[in-house]
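Residue-level structure breakdown
What follows is each chain in one-letter form.
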Amino acid sequence: MAVFIADTFAEAFPMTATRLVITAETPGWAETAARVLSGYATSVIACDAEAGVEAVLDRALTPDQRPGVSVLLFAFSRDALEKAVSNRVGQCVMTCPTTACYNGLTPIGEKSIKVGGRLRYFGDGRQISKLLDGRRYWRVPVMDGEFLCEETFGTTKGVAGGNIIICGNTQMNTLGAAECAVQAMRQSTGVLLPFPGGIARSGSKVGSKYKALRASTNTAFAPTLRGAVPSEIAPGADCAYEIVIDGLTLEGVEAAMAAGMSAAARCPGVIAITAGNYGGKLGPFHIRLHDVRDRYPCP
Amino acid sequence: MSLILRLRTPPSLPIEAECLRPDTLRDLSAAEVSRLVAWAGKDRVELGDLFTVERDDSGSADLTLVGDLSGVRRIGEGMTSGGLRIDGDAGGHLGARMSGGFIEVAGSVGDWAGAMMRDGLIRVRGNAGDRLGSAYPGERLGMRGGAILVDGDLGANAGEFMRRGLIAVRGEAGDGLGANLVAGSILAFGPVRGGRLGAGMKRGTIALFEGPMLPFLPTFRHACRYRPVFLTLYLKQLQDWGFDVPPDAFEAEFERYNGDLIASGKGEVLIRGDRHAIE
């Protein structure tokens, strides 16, 4: 049976983004640092940033020719991003054996954030600055030698909140389809799927009956509430999973959504694919599912 | 379109020709360039008396000088942009005080090359004289930016009072390498024959890939053996500039010495671990 693609749109927002390149003596330590840095970073609703591993990098592609990982981070503002990145690099990368951290967005324009420039003070006056080809690096003495961190990182206005919601007949089928979608989406560069394993099981809506809460469960897609509240979950679907996509560019988000829809639609048990929005009243980016399906055909 | 000046005959008197810089000659006609003034000893001469001057579409640089210019000083002095190529040797003070552009010399250069430079790139395929990238007498600081790459040997006191920038040498380096270094980096891929290595250095880095083969000054203290990751960035940049670096240097470990303790002691001398021969 053909999968129903809802004629709706995902509502996305501009967010300030940056890319880090983390290297280490071994691929394992680079990945460890990247994963720890991007922990507790699923949503700016309650985290200081949205973060995740973008790609594993061969040593030939890293500034210091060591194994590396690229990480994307998004935040509401440049100031918020700077604080989040410098805190995370300081606590999660600098602490990790053999690592170094470089800017992954070039050229660095006026809208940049200081990372090494904030962390250098940990060197207690013994830090060393090196300026090479217009880029400044800080060498902070630490117990295993030096932590090398670039002073300034570039930022860009990215797009956050692209999403697809996969509705399926059973939990396991829907989850399997979401996993396939995530795998397809992660082939793209410049995109981040911030939720655990790329998948959100507790999609949210704006507002709550409790004044202290900014967001609450997306009741329209909670299958256990069907019949008790207005429901948007497809008829016959007993489960829904949401995949949120942040990207450095709108095109990147669109292409990832198209790839995810195509992959999910081929999986058994998928009934419908839709997307979440706020009526178009909040976010300037309205990514229509039919439009991206047609503009980014996937095999 | 490139401007090409060919030396008619090697001069018998020292020539001072600070007018030979690509940024100021770029928009001049060959005739206008010929009428520019240089100094032969105490006498004023026109460039046209010393060089044939022509414009050519085939040149790869804005300004090309051809001939044995070892007697011509101050070439490229103060230049701010553009490319200068010398097919031959060049005299002293090449690129002194330059703040942009690049100079490539197929032969050797005299003393004071890159003295007081602020930015730009100098590539010397042959040897360089003394005081490369240094401060002039009476000045507090020498080279403040840019890079100087020497494929051959280096004379004495290279990088003295250097404040920022990069000097790399593939051949032998002479006495007083990095003396009074304020900051910046000196990478020596050949043997360092002279003494007074880093004497009086406040900060900065002297990295030796062959080893000095001489004892250090007693005001340097051994710290540790480790892999300085930042050096890889420099090696990669040198490769991008077409400067040969040993492939096995990328993963080498280095012995680190802190000094000069009679200054601030925040400088470092790094000696490649497998070439360490200090007694």
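Residues numbered from 1 in each chain as written. Chains lettered and ligands numbered in written order. Predicted model: local features only at pLDDT ≥ 70, side-chain atom pairs only at ≥ 80, totals over all residues. Heavy atoms only, no water.

**Digging into the nonpolar core**
Core analysis: the largest hydrophobic core is formed by 59 residues, its most contacted members being Leu5(B), Leu20(B), Ile75(B), Leu94(B), Leu154(B), Leu177(B) and Val269(B). With three residues, the single largest contributor to this core is strand β1 (residues 2-7) of chain B. Judged by nonpolar contacts, the second largest core, of 33 residues, contains Met185(A), Val191(A), Leu193(A) and Cys239(A). (Core = buried A, V, L, I, M, F, W, Y, C linked by side-chain atoms within 4.5 Å. Buried < 20%, exposed > 50% of the residue type's maximum accessible area, 1.4 Å probe, protein only. Helix = DSSP H or I, 4+ residues; strand = E, 2+ residues; numbered from the N terminus.)

**Concerning the interface of chain A and chain B**
At the interface, 20 residues of chain A touch 21 residues of chain B. Summing both partners gives a buried area of about 1,700 Å² for chain A against chain B, and 56% of it is carried by carbon and sulfur. Taken together, the connections running from chain A to chain B amount to four salt bridges. The closest approach of N and O atoms between Arg139(A) and Glu268(B), which form a salt bridge, is 2.6 Å. Counting across the chain A and chain B interface gives eleven residue pairs in polar contact (both at pLDDT 80 or more). Counting only elements with at least two residues in the side of chain A that touches chain B, the list comes to β7 (128-132), β8 (135-142) and β9 (145-150) of chain A. Here the side of chain A that touches chain B takes four residues from β7(A), the largest share from any one element. By residue class, the composition of the side of chain A that touches chain B is seven nonpolar, four polar and nine charged. (Contact = heavy atoms within 4.5 Å. Buried area = accessible area lost by both parts, 1.4 Å probe. Salt bridge = Lys/Arg side-chain N within 4 Å of Asp/Glu carboxyl O. Polar contact = N/O pair within 3.5 Å; in protein donor to acceptor, adjacent residues only side chain to side chain. Nonpolar A, V, L, I, M, F, W, Y, C, P; charged D, E, K, R; others polar.)

**Quick notes on the pairing of strand β17 (residues 267-272) of chain B**
Every other side chain in a regular strand lies on the same face of the sheet, so the side chains alternate between the two faces. All names here are of chain B. Burial runs high along β17: six of the six residues are buried. Burial along β17 is two-sided: Gly267, Val269 and Ile271 facing one way and Glu268, Leu270 and Arg272 facing the other are all buried. Alignment of strand β14 (residues 205-208) against β17, held across four bridges, turns out to be parallel. Bridge assignment links isoleucine 206 to a residue of β17, and that residue is valine 269. Looking at chain direction, strand β16 (residues 254-259) and β17 are connected through six bridges and run antiparallel. If you follow tyrosine 257 over to β17, its bridge partner there is valine 269. (Pairing = 2+ DSSP bridges.)

**A short note on the confidence of the model for chain B**
Confidence in the prediction of chain B, expressed as mean pLDDT, is 93, and 96% of residues score 70 or more. This complex was scored by the predictor with a pTM of 0.93 and an ipTM of 0.92. (pLDDT = per-residue confidence, 0-100.)

**Thoughts on the pattern of salt bridges**
Inspection of every chain in the model, using the stated rule, returns 38 salt bridges over all chains. Ionic pairing is found between Arg66(A) and Asp64(A), a salt bridge with its closest N-O pair at 3.2 Å. The residues Arg66(A) and Asp64(A) share a single accessibility class, namely buried. By sharing partners, the salt bridges in this structure join Glu16(B), Glu18(B), Arg73(B), Arg74(B) and Glu77(B) into a single network.

**A closer look at the sheet that holds strand β7 (residues 72-73) of chain B**
All names here are of chain B. The sheet built from four strands is open, its strands ordered β4-β3-β2-β7 with mixed pairing. Two strands close off the open sheet at either side, each with one partner strand: β4 (43-46) and β7. By the bridge criterion, two bridges tie strand β2 (residues 15-16) to strand β3 (residues 37-40) in an arrangement that is antiparallel. Bridged to glutamate 16 within β3 is tryptophan 39.

**Describing helix α4 (residues 229-240) of chain B**
Residue and element names in this part refer to chain B. Taking 1.5 Å of rise per residue, the twelve residues of α4 would be expected to cover 16 Å, and the 18 Å separating its terminal C-alpha atoms lies within 8% of that figure. Counting buried residues in α4 gives nine out of twelve residues, a clear majority hidden from the surface. Residues Val229, Phe230, Leu231, Thr232, Leu233, Tyr234, Leu235, Gln237 and Leu238 constitute the buried set of α4. Of the residues one or two after α4, glycine 242 is the one with positive phi, at around 80°. (Expected span 1.5 Å × (residues − 1).)

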